[in-house]
Amino acid sequence: MPIFPQNVIAVIWDFDKTLIPGYMQKPLFEHFDIDPIQFWTESDGLARFYEGRGARRTNGDTLYLNHILTYVEAGRMPGLDNDLLRELGGELSFYEGMPEFLGHLSKHVEGYPGYADHGITVEHYVISSGLRHMILGSAVAPFLDGVWACEFSEEIAQPDYLDSGQMFAGDERRIREIVYTIDNTTKTRAVFEINKGSNRNPDIDVNAKIAREDRRIPFRNMIYVADGPSDVPVFSVVDQNGGKTFAVYRPGSATEFEQVNRLLEQDRIDAYGPADYTDGSQTAMWLTHAVERIADQIVRDRSTALADRLGAPPGHLSED
């Protein structure tokens, strides 16, 4: 008997420039009156800076996290803690149609009798190299079933903390250490956690060998939505395993349009559209249709499996 019924559809979202027009750190910089251009210019130069001082390799996707801590230590972001990050997440502005579209997509499937009979549901996930607490404080949070993003801790475990329980927190409540990072390559690990179900059951190791029929959400039941070349590793994993891939661009941006069009020409994605999720928009219709196609396939697969299990009913034998 399979471990999971495989009747869940996962819509997996990037965050920056996919659900919101820019980068989520904008309200953080505004709160502390930090020049974003200066910050990102400094962050972009960190790899060269550290490699010029002996570091053999650096991770350019997540070095900005260290720079945030540097700003906190230098007093440029005084009192920055996870609660404030959540509060600032509430100031994020989303593309048209968000977050309502997430709820509409789930209800569309769950309210259709043909799908409801098979218990088909839609789950939404965000995988981002941004800040987890800002996402959790944002307007999309109530619609999400899971978030993978970078996270800070306000306490630091001291030597012998297992025996003494001693933590260093100092006099001021603030973020002090990076405890989780995700970059454009390790996003693929998160996708496998969703695939195997280890995000729901911690007893399932993401590196364990699990038969495809025993995985919670098959790749063919996934849709990955993101904005650009940095998402190619996840686009590739989902596409190569039978899932659907869709890229979005900022409406009216010729540069972003050219970027996603190039992804289509390179067979990196199935389709693309403007980041407009309002009812009746091209993107909303494509994603809704993609979810319906996956749901229809689930119904067919489950109906076939049921018929195979039951076998043909007995009938009367005709006389020769």
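Read on for an overview of the structure. (Residues numbered from 1 in each chain as written. Predicted model: local features only at pLDDT ≥ 70, side-chain atom pairs only at ≥ 80, totals over all residues. Heavy atoms only, no water.)

## Some points on the pattern of salt bridges
Taken as a whole and assessed by the stated rule, the structure comprises 15 salt bridges. Two residues, E123 and R216, come together in a salt bridge whose shortest N-O distance is 2.7 Å. Of this pair, E123 sits in strand β2 (residues 121-131) while R216 sits in the loop between α10 (187-196) and β7 (222-226); the two residues are 93 residues apart in sequence, bridging distant segments of the chain. Relative accessible area serves as the criterion here: at 6%, E123 is assigned to the buried category. Classification of R216 by relative accessible area gives buried; the value is 10%. Linking R262 and E258 is a salt bridge whose minimum nitrogen-to-oxygen distance equals 3.1 Å. Of the two residues, R262 and E258 both sit in helix α12 (residues 254-265), 4 residues apart, roughly one turn of that helix. The exposure class of R262 is partly exposed, given its relative accessible area of 36%. Its relative accessible area of 48% is what places E258 among the partly exposed residues. (Salt bridge = Lys/Arg side-chain N within 4 Å of Asp/Glu carboxyl O. Helix = DSSP H or I, 4+ residues; strand = E, 2+ residues; numbered from the N terminus. Buried < 20%, exposed > 50% of the residue type's maximum accessible area, 1.4 Å probe, protein only.)

## Considerations on the pairing of strand β3 (residues 146-153)
Counting buried residues along β3, 7 of its 8 residues qualify, which places the element largely inside the surrounding structure. By the bridge criterion, 4 bridges tie β2 to β3 in an arrangement that is parallel. What sits directly across from V126, in β3, is V147. (Pairing = 2+ DSSP bridges.)

## Some details on α10
Of all 10 residues in α10, 8 are buried; the element is thus mostly enclosed. Among the residues of α10, those classed as buried are K187, T188, A190, V191, E193, I194, N195 and K196. Each element contacted by the buried residues of α10 is listed here: β1 (8-13), β2, β3, β7 and α11 (232-240). After α10 finishes, the residue G197 shows a positive phi value of roughly 90 degrees. (Contact = heavy atoms within 4.5 Å.)

## Describing a nonpolar patch on the surface
Nonpolar side chains collect at one region of the surface, where Y161, L162 and M167 lie side by side and expose about 320 Å² of accessible area between them. Within the secondary structure, Y161 sits in helix α9 (residues 161-164). Under the relative-accessibility criterion, Y161 is labelled partly exposed at 35%. (Patch = residues over 30% accessible without salt bridge, like charges linked within 9 Å, V, L, I, M, F, W, Y side chains within 5 Å. Areas by Shrake-Rupley, 256 points an atom, 1.4 Å probe, with all protein chains shown as cover.)

## As for the nonpolar core
If you look at the biggest cluster of nonpolar residues, it comprises 86 residues, and the most contacted ones within it are W13, F15, I68, M77, L80, L131 and Y277. In this view, L131 contacts M24, Q25, L28, Y64, L65, I68, L85, A149, C150 and F152; residues no more than four positions away in its chain are not counted. (Core = buried A, V, L, I, M, F, W, Y, C linked by side-chain atoms within 4.5 Å.)

## Description of unusual backbone geometry
Omega for the bond connecting M98 with P99 falls within 30 degrees of zero, at 5 degrees, which places this linkage in the cis form. With respect to the helices, strands and loops of the structure, P99 is situated in the loop between α5 (82-89) and α6 (100-110). Located in the positive-phi region is D33, a residue other than glycine, with phi close to 55 degrees. Relative to the helices and strands, D33 is located in the loop between α1 (26-32) and α2 (36-44).

## Some thoughts on the sheet that holds strand β9 (residues 271-274)
Sheet architecture is open: 7 strands sit in the order β6-β3-β2-β1-β7-β8-β9, paired in mixed fashion. Each having just a single partner strand, β6 (177-180) and β9 make up the two edges of the open sheet. Looking at each pair of strands side by side, their axes are set apart by 25 degrees on average, direction ignored. Pairing of β3 with β6 involves 3 bridges; the strand directions are antiparallel. Residue pairing across strands places F152 opposite I178, the latter belonging to β6. (Axes fitted to C-alpha atoms, helices over the stretch in contact; angles between N-to-C directions.)

## Details of the packing of aromatic side chains
Scanning the model with the defined rule gives 18 aromatic pairs in all. Judged by centre distance (4.5 Å) and plane angle (50 degrees), the rings of Y112 and Y115 are tilted. The exposure class of Y115 is buried, given its relative accessible area of 6%. Ring-pair connections join several aromatic residues into one group, and the members of that group are Y23, F29, F39, W40, Y64 and Y71. Here R53 stacks its cationic end above the ring of F49, 3.8 Å away from the centre of that ring. (Phe/Tyr/Trp six-rings, centres within 6.5 Å; stacked < 30°, edge-to-face > 60°. Lys NZ or Arg CZ within 6 Å of the ring centre and 35° of its normal.)

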